[in-house]
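Topology and contacts: notes
Spelled out from the first residue to the last, the chains are:
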Amino acid sequence: MIRLKKINNFEYFAPSTLSEAVSLLAQYKERAKVFSGGTDLLVQMKQRKLTPEYVIDLKNISELNNIDYKEGEGLRIGATVTHGILSSSQLLPEKFSLLKEASLAVGSVQTRNRGTIVGNIATSSPSADTPPALLALEARLKLVSAAGERLLPIQNFFTAPFKNILQGAELITEIQIPDLPPNSRGVYLWHSKITAEDETLVGVGVVLTVNNMEEKICTHIRIGLGSVAPTPMRAEKAEDFLKGKRVDADIIKQAAEIASHESLPRSRAEYRKEMVKVHVRRALTQALKKIEE
Ligand SMILES: Cc1cc2nc3c(=O)[nH]c(=O)nc-3n(C[C@H](O)[C@H](O)[C@H](O)COP(=O)(O)OP(=O)(O)OC[C@H]3O[C@@H](n4cnc5c(N)ncnc54)[C@H](O)[C@@H]3O)c2cc1C
């Protein structure tokens with residue numbers, strides 16, 4: 001059972017510009033915490049796992065609340081975009097439907113209406129739902145601090161359970177996702193623990209590209225896995241196996257077995273590995289079906 005305690009006293013800031021937020025973070029560094037939807041942060045504060053002296057709320061910064069898609073360039077998602085907004089957005093082309101699927105896997109309607117995709121990444125839980133989809137989409141994160149900005153592939157972001165590469169005074173302002181080539185589709189599937197929170201036991205995001213519908217040769221493939229290693233991970237051996245091959249039921253089955261072997265679950269390992277096999281197979285099969293439709 002999780003024990004909730006009285007939250008510590010803190011000073012609350014609600015800046016209306018990004019430069020203001022960045023200066024506050026530069027001033028207070030590790031003593032401050034950024035607040036987006038608060039669905040993780042407030043729980044951690046109530047558990048006294050985090051006791052920030054300063055809380056910097058990003059929600060009043062209008063430039064962070066945008067979704068933008070440009071053909072050929074790709075998709076940009078601002079730091080305060082919630083799972084609710086993303087999963088119901090008309091701005092996302094069908095080819096990015098796996099992102100909606102991943103956002104819809106997060107908690108209940110209430111949680112999705114407050115929680116953000118960027119907050120989901122920044123918490124860096126190994127079982128978070130959106131990172132496997134974002135890994136499969138080869139997303140980049142825009143990190144901003146008083147010292148400047150940098151773009152980081154999401155694959156290099158997670159370092160350990162609930163740990164990431166963010167420096168004390170850095171924040172994520174945007175997720176950038178490159179556009180997908182023709183004949184590409186993605187799928188996110190997950191399998192939950194049977195608990196009150198329905199925490200994800202295995203999450204699988206795939207993005208598959210084939211040359212054409214006659215030959216169905218795999219030209220590009222990314223497979224992201226969640227909850228089966230200390231951090232969200234890519235199944236790179238399975239990706240290498242698929243590349244250049246005609247995608248059919250037998251090849252998909254073999255790729256799913258390779259992905260299962262390379263996953264690194266720490267608990268309930270045998271069951272999780274079996275679920276990786278099942279869900280990678282299903283996700284690849286569904287991605288191919290989506291391309292065919
Ligand atoms: C009942 C419940 C059910 C849940 N179910 C799921 C689930 O099924 N799947 C799942 O993946 N998650 C789940 N979650 C976790 C949570 O809702 C998500 O991780 C959510 O996306 C977090 O977003 P947020 O905006 O609320 O983050 P916040 O709580 O505001 O922040 C989370 C962390 O990220 C940091 N942070 C926030 N924004 C930034 C930024 N722009 N730059 C740098 N750091 C930042 C904060 O300082 C904090 O450390 C659940 C939570 C609850 C309470």
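Preceding this paragraph is the structure being described.
So, here's what we can say about the structure.

Conventions used here
- The numbers attached to residues start from 1 for each chain and follow its sequence in the written order.
- Given that the model is predicted, a residue must reach a pLDDT of at least 70 before its local features are reported, and side-chain atom pairs must reach 80 or more before they are shown or counted; all residues, however, enter totals for whole chains, interfaces and linings.
- Neither water nor hydrogens contribute to the side-chain values; these are computed over all heavy atoms in the structure.
- A run of DSSP states H or I qualifies as a helix once it reaches four residues; a run of E qualifies as a strand once it reaches two. Both are numbered from the N-terminal end.
- Type-normalised accessible area, obtained with a 1.4 Å probe on protein chains alone, sets the label of each residue: buried when under 20%, exposed when over 50%, and partly exposed for intermediate values.
- Two residues qualify as a contact provided that any one of their heavy atoms is within 4.5 Å of a heavy atom in the partner residue.
- Note on areas: these come from Shrake-Rupley sampling with a 1.4 Å probe, and a residue is covered only by the protein chains present in the view.
- Charged-residue counts in this description rest on Lys and Arg as positive and Asp and Glu as negative, His and the chain ends being excluded.
- The atom standing in for a charge is NZ when the residue is Lys, CZ when it is Arg, CG when it is Asp and CD when it is Glu.
- Axis definition: a line fitted to C-alpha atoms, over the contacting stretch in the case of helices. Angles run 0 to 180 degrees between N-to-C directions.
- Two helices cross in a left-handed way if the nearer one is turned anticlockwise from the farther one by less than a right angle. They cross in a right-handed way if the turn is clockwise.
- Side-chain classes follow a simple rule in which Ala, Val, Leu, Ile, Met, Phe, Trp, Tyr, Cys and Pro form the nonpolar group, Asp, Glu, Lys and Arg form the charged group, and the remainder, Gly included, forms the polar group.
- Each salt bridge in this description consists of a side-chain nitrogen of Lys or Arg and a carboxyl oxygen of Asp or Glu lying within 4 Å of one another.
- We call a residue near a molecule or strand when any one of its heavy atoms sits within 4 Å of it.
- Under this definition, polar contacts are N or O atom pairs within 3.5 Å; protein pairs additionally need one hydrogen-donor-capable and one acceptor-capable atom, and for neighbouring residues in sequence, both atoms have to be side-chain atoms.
- In this description, a nonpolar core means a group of buried Ala, Val, Leu, Ile, Met, Phe, Trp, Tyr and Cys residues linked to one another through side-chain atoms lying within 4.5 Å.
- Whether two strands pair comes down to DSSP finding at least two bridges between them.
- Clockwise travel from the first strand over the helix to the second, with the strands pointing away from the viewer, marks a crossover as right-handed.

1. Focus: the overall build of the chain
The helix and strand inventory of the chain stands at ten helices and 14 strands. The principal-axis extents of the C-alpha atoms in the chain amount to approximately 60 × 45 × 30 Å. Per-residue burial for the chain yields a buried fraction of 51% across its 293 residues. Here the contacts in the chain between residues at least 6 apart in sequence split such that 64% fall between residues at least 24 apart. Total accessible area on the chain stands at roughly 13900 Å², and carbon and sulfur atoms take up 50% of it. Measuring between centres, the 39 positive side-chain charges of the chain sit 6 Å from its 34 negative side-chain charges.

2. Comments concerning unusual backbone geometry
In the Ramachandran plot, Arg48 falls in the positive-phi region, its phi being about 65° despite a non-glycine side chain. Along the chain, Arg48 falls in the loop between α2 (41–46) and β3 (54–57). Although it is not a glycine, Phe162 adopts a positive phi angle of roughly 60°. Note that Phe162 resides in the loop between β8 (158–160) and β9 (163–164). Judged by its relative accessible area of 48%, Phe162 is partly exposed.

3. Considerations on the packing of helix α9 (residues 249–262) against helix α10 (residues 269–292)
Two elements in contact, α9 and α10, have axes separated by 8 Å at closest approach and are oriented at 145°. Classified by chirality, the crossing of α10 by α9 is right-handed. For the pair α9 and α10, contact is made by Ile252, Lys253, Ala255, Ala256, Glu257, Ala259, Ser260 and His261 and by Lys273, Val276, Lys277, Val280, Arg281, Leu284 and Thr285, respectively. Split into classes, the residues belonging to the contact of α9 with α10 amount to seven nonpolar, three polar and five charged.

4. Considerations on the pattern of salt bridges
Per the stated rule, a full pass over the model turns up 14 salt bridges. A salt bridge links Arg222 to Glu138; the nearest nitrogen and oxygen atoms lie 3.0 Å apart. With Arg222 in strand β13 (residues 218–226) and Glu138 in the loop between α7 (130–136) and β6 (140–145), the pair connects residues that are 84 residues apart, well separated along the chain. A residue is classified by how much of its surface remains accessible, and Arg222, at 12% relative accessible area, is buried. The shortest N-O distance in the salt bridge between Glu274 and Lys277 comes to 3.5 Å. Remark: Lys277 and Glu274 occur in helix α10; sequence separation between them is three residues, near one turn of the helix. In the salt-bridge network here, residues are joined through shared partners; they are Glu138, Arg222, Arg234 and Glu239.

5. Concerning the side chain of Thr130
Within the secondary structure, Thr130 is located in helix α7. Those residues in contact with Thr130 that lie beyond four places of it in its chain are His83, Ala102, Ser103, Ile117, Asn120 and Ile121.

6. A word on the site of the ligand
Close to the ligand lie 28 residues, the nearest being Val34, Thr39, Asp40, Leu41 and Thr116. Between Ser36 and the ligand, the recorded distance is 2.8 Å, taken from a side-chain N or O atom to a nitrogen atom. Within the backbone of Ile172, a nitrogen or oxygen atom sits 2.8 Å from a nitrogen atom of the ligand. Protein burial of the ligand: of its 990 Å² of free accessible surface, 86% is covered by the chains. In terms of residue count, helix α6 (residues 117–123) provides more of the shell around the ligand than any other element does, five residues in total. For the shell around the ligand, the per-class residue count stands at 13 nonpolar, twelve polar and three charged.

7. Some words on the nonpolar core
Within the largest apolar cluster, 48 residues are counted, with the highest numbers of intra-cluster contacts made by Ile77, Leu99, Ile121, Leu134, Ile175 and Ile177. Put simply, the parts of the chain that give this core at least two residues each are α1 (18–28), β3, β5 (74–78), α4 (97–104), α6, α7, β6 and β10 (171–178). Ranked by residue count, the leading element in this core is α1, at six residues. Not counting residues within four places of it along the chain, the set of residues in contact with Leu99 comprises Leu75, Ile77, Leu86, Leu92, Leu134, Leu137 and Ile177. Membership of the second largest hydrophobic core comes to 33 residues, among which are Val187, Val206, Val247 and Met275.

8. Points about the pairing of strand β2 (residues 32–35)
Alignment of β2 against β3, held across four bridges, turns out to be parallel. Bridge pairing in β3 places Lys33 opposite Val55. Traced from β2 through α2 to β3, the parallel crossover comes out right-handed.

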